[in-house]
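Topology and contacts: notes
Spelled out from the first residue to the last, the chains are:
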Amino acid sequence: MAKKKQKKSKANGSDGPGIATISLGAAAIAAGAAVIGYAAIRLRGPGNAEHEAPDLALDRERPGPGDRAPEAFRPDPTAPVPASEREGLRPATGPAPTLVEARTEPAYET
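Just so we're clear, the structure is a prediction, and the values are computed from it rather than from any experiment.

Remarks on the overall build of the protein chain
- Regarding its fold elements, the protein chain presents two helices and zero strands.
- Out of the 110 residues in the protein chain, the part that is buried amounts to 0%.
- Summing over all exposed atoms, the protein chain offers an accessible surface of approximately 11700 Å²; the carbon and sulfur share of this is 60%.

Laid out in structure tokens, this is it:
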């Protein structure tokens, strides 16, 4: 009969890298990614989060009171208001909200 080979285990009884080794490797990768990300941000320079608006550029001529929007972009003031939008167009009624609580008696009478 053939003899079966037994695996030799390490002195501590584990078969692979320990959790400390894996944790150190992950920490090294994270630190490297942070350094690369920081360098990329610093080298890119200041950016602009806004989009360009060439029609609002300072060197462009400003529209005057006689200039109007194209007819396709003008609202129709005679159009009927649908019932679903009437509530949003109704004026607000009732007491105005305030940040302070109403007092029932003056402070000097307490």
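Here's the deal with the pattern of salt bridges
- Following the criterion strictly, the structure yields one salt bridge and no others.
- When the shortest N-O distance is used, the salt bridge between Glu87 and Arg90 registers 3.3 Å.
- On the basis of relative accessibility, which here comes to 53%, the residue Glu87 falls in the exposed class.

Definitions and cut-offs
Residues numbered from 1 in each chain as written. Predicted model: local features only at pLDDT ≥ 70, side-chain atom pairs only at ≥ 80, totals over all residues. Heavy atoms only, no water. Helix = DSSP H or I, 4+ residues; strand = E, 2+ residues; numbered from the N terminus. Buried < 20%, exposed > 50% of the residue type's maximum accessible area, 1.4 Å probe, protein only. Areas by Shrake-Rupley, 256 points an atom, 1.4 Å probe, with all protein chains shown as cover. Salt bridge = Lys/Arg side-chain N within 4 Å of Asp/Glu carboxyl O.

Read these as layout, nothing more, since geometry by itself doesn't imply function.
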